[in-house]
Amino acid sequence: MTTGRHVMAIGAATSAGTHHAGQERAPDALRAGGLLERLEAAGLRVTDAGNVASETFQVDHGHGPVRNEAATLRAARAVADMTEHAARSGALALVLGGDCTITLGVLAGLQRVEPGTGLAYFDGDADLGLPGDGSQILDAMGISHLLGLAETGLTGLFETRPPLSAGRLAMLGYDETDPSSYRGEVLDARPGLTRYPDHAVRADPLGCARGALSALRDAPRLIVHFDVDAVDSGDLPLANFPHYGTGVPLDTAQQVLSVLCTAPALSAVVLTEVNPGYDPDGYSLRRYIDAVTEALITGRAPGRPPGAAVS
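The structure reproduced in this document is the subject of the present report. Owing to the predicted nature of the structure, the values given are computational and were not obtained by experimental measurement. (Residues numbered from 1 in each chain as written. Predicted model: local features only at pLDDT ≥ 70, side-chain atom pairs only at ≥ 80, totals over all residues. Heavy atoms only, no water.)

1. Focus on the pattern of salt bridges
On inspection of all chains with the given rule, the structure shows 11 salt bridges. Residue D188 pairs with R195 through a salt bridge whose shortest N-O separation is 2.5 Å. By relative accessible area, which is 26% here, R195 ends up partly exposed. Close ionic contact of D198 with R202 constitutes a salt bridge, the shortest N to O distance being 3.3 Å. Of the two residues, D198 and R202 are both situated in helix α7 (residues 198–203); the distance of four residues between them amounts to about one turn of the helix. Residue class for R202 comes out partly exposed when judged on its relative accessible area of 40%. Because the salt bridges share partners, they merge into one network encompassing D81, E84, R88 and R112. (Salt bridge = Lys/Arg side-chain N within 4 Å of Asp/Glu carboxyl O. Buried < 20%, exposed > 50% of the residue type's maximum accessible area, 1.4 Å probe, protein only. Helix = DSSP H or I, 4+ residues; strand = E, 2+ residues; numbered from the N terminus.)

2. Some remarks on the sheet that holds strand β2 (residues 45–55)
Taken together, eight strands build an open sheet; the order of strands is β2-β1-β3-β8-β7-β4-β5-β6 and the sheet is parallel. The open sheet is flanked by β2 and β6 (194–196), the only strands paired with a single partner. Pairs of neighbouring strands in the sheet enclose a mean axial angle of 15°, with direction left out of account. Of the strand pairs in this sheet, strand β1 (residues 6–14) and strand β3 (residues 92–97) are connected by six bridges, and their pairing is parallel. Across the sheet, residue I10 finds its bridge partner in β3, namely V95. Here helix α3 (residues 69–88) sits on the sheet in contact with β1, β2 and β3, set at roughly 160° to β2. (Pairing = 2+ DSSP bridges. Axes fitted to C-alpha atoms, helices over the stretch in contact; angles between N-to-C directions. Contact = heavy atoms within 4.5 Å.)

3. Digging into helix α4 (residues 102–113)
Taking 1.5 Å as the rise per residue, α4 with 12 residues should run 16 Å; its terminal C-alpha atoms sit 18 Å apart, in good agreement. The buried count for α4 comes to 10 of 12 residues, which makes it a mostly enclosed element. Considered for burial, the residues of α4 that qualify are I102, T103, L104, G105, V106, L107, A108, G109, L110 and Q111. (Expected span 1.5 Å × (residues − 1).)

4. Digging into α3
Taking 1.5 Å per residue, 20 residues should reach 28 Å; α3 reaches 28 Å between its end C-alpha atoms and fits that length. Listed as buried for α3 are A71, T72, L73, A75, A76, V79, A80, T83, E84, A86 and A87. Summarising the contacts, the buried residues of α3 are in contact with β1, β2, β3 and α4.

5. A word on the packing of α3 against α4
It is at 7 Å that the axes of α3 and α4 come closest, and there the two elements cross at 40°. Classified by the interaxial angle, the pair formed by α3 and α4 is oblique. For the element pair α3 and α4, the recorded crossing hand is right-handed. Residue-level contacts link A76, V79, A80, D81, T83, E84, A87 and R88 of α3 to I102, G105, V106, A108, G109, L110, R112 and V113 of α4. (Parallel < 35°, antiparallel > 145°, perpendicular 65-115°, else oblique. Left-handed = near helix turned anticlockwise from the far one by under 90°.)

6. Observations regarding the packing of helix α8 (residues 205–215) against helix α9 (residues 250–260)
It is the contact of α8 with α9, at a shortest axis distance of 9 Å, that shows an interaxial angle of 30°. Put simply, α8 runs roughly parallel to α9. Every pair of crossing elements has a handedness; the one defined by α8 and α9 is right-handed. Residues P205, L206, A209, R210, A212 and L213 of α8 lie in contact with α9, whose contacting residues are T252, Q255, V256, V259 and L260.

7. Brief notes about the side chain of T14
Tracing the sequence through the fold places T14 in strand β1. Of the residues examined, T14 reaches a relative accessible area of 1% and is grouped as buried. A distance of 3.1 Å separates a polar side-chain atom of T14 from the backbone nitrogen of A16. Sequence-distant contacts of T14, defined by excluding residues within four places in its chain, comprise Q23, E24, E55, A75, G98, D99 and I102. (Polar contact = N/O pair within 3.5 Å; in protein donor to acceptor, adjacent residues only side chain to side chain.)

8. Some words on the nonpolar core
Ranked by size, the top nonpolar core spans 55 residues in total, and within it L35, L94, F122, F226, L271 and Y288 carry the most contacts. If you tally residues by element for this core, the top one is helix α10 (residues 283–300), at eight residues. Membership of the second largest hydrophobic core comes to 44 residues, among which are A80, A108, L119 and L128. (Core = buried A, V, L, I, M, F, W, Y, C linked by side-chain atoms within 4.5 Å.)

9. Quick word on the packing of aromatic side chains
Aromatic ring pairs: the centre-centre distance and the angle between the two ring planes describe each pair. Applying the stated rule across the entire model yields three aromatic pairs. Consider the rings of Y174 and Y182, whose centres lie 5.7 Å apart with planes at 15°: the pair is stacked. According to the relative accessible area criterion, Y182 is buried, its value standing at 17%. On the basis of an interplanar angle of 10° and a centroid distance of 6.1 Å, the ring pair of F226 and Y288 is categorised as stacked. You can see F226 sitting in strand β7 (residues 222–227) and its partner Y288 sitting in helix α10, a full 62 residues away along the chain. Look at F226 and you get buried, because its relative accessible area is 1%. Here the aromatic cluster, defined as three or more aromatic residues joined through ring pairs, consists of F122, F226 and Y288. (Phe/Tyr/Trp six-rings, centres within 6.5 Å; stacked < 30°, edge-to-face > 60°.)

What follows is the structure, given as structure tokens:
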């Protein structure tokens, strides 16, 4: 289990699994913005493992059911190996991404240590795309892989099928109106899966976050996945694939993360979909770093009130 005070930063500088380049720059931008120094100043011991993956989006001229599979798998496998190392050393893995496929690597790495690992998936999309449909990008298929609906090279990271049982997954913040990502019948068929769409999180962020933790309370290890597109792009235009008019405000996202990061079983936090190219003056990135660091510090320092607003 994690010590609660040691954080290992793992850079996943990859945009291989998504729509276009940009996210591969996020780990270095987050470091340059002072994220790790902020955590150290709060009393956490931070080790930086550097960028363990470096893959940039390329146009895939093949005719397969998914795009850029080999590069996406390389990145996820490298993340899995370093996440396993962090877990065995007793550190909290802070994975700086990168596209959402890296979370599959994080889960695979932690399952090597603890097969019963749980996942709180805070994302603006349900990520229920399928090979051969729509954009064919793997970034839109993460949950489909985990629930056993998609089989690609990424599922080779896992020993079991499905890679994650419905009872070990809680989904928060997704948009139910997106036909390319959301399939209600899939979730309805899995009553053991805990889920809170974006409108529910807007209405009761702390209640939804606590509900997710309660549902995953028996998981011996826990991953918190945070895709910045869970935040309305009208408030924070930083997501690689913008989401305007859906999601939640940044201060609401901070409240949710602050609760999720209090979990005693917390073993990894994954930050995804940040595209620094959308933020020429750095203002949005600074706000994002403020929210994320405050949530992490709150979660790792019991007794602090969760969810202070971000200006």
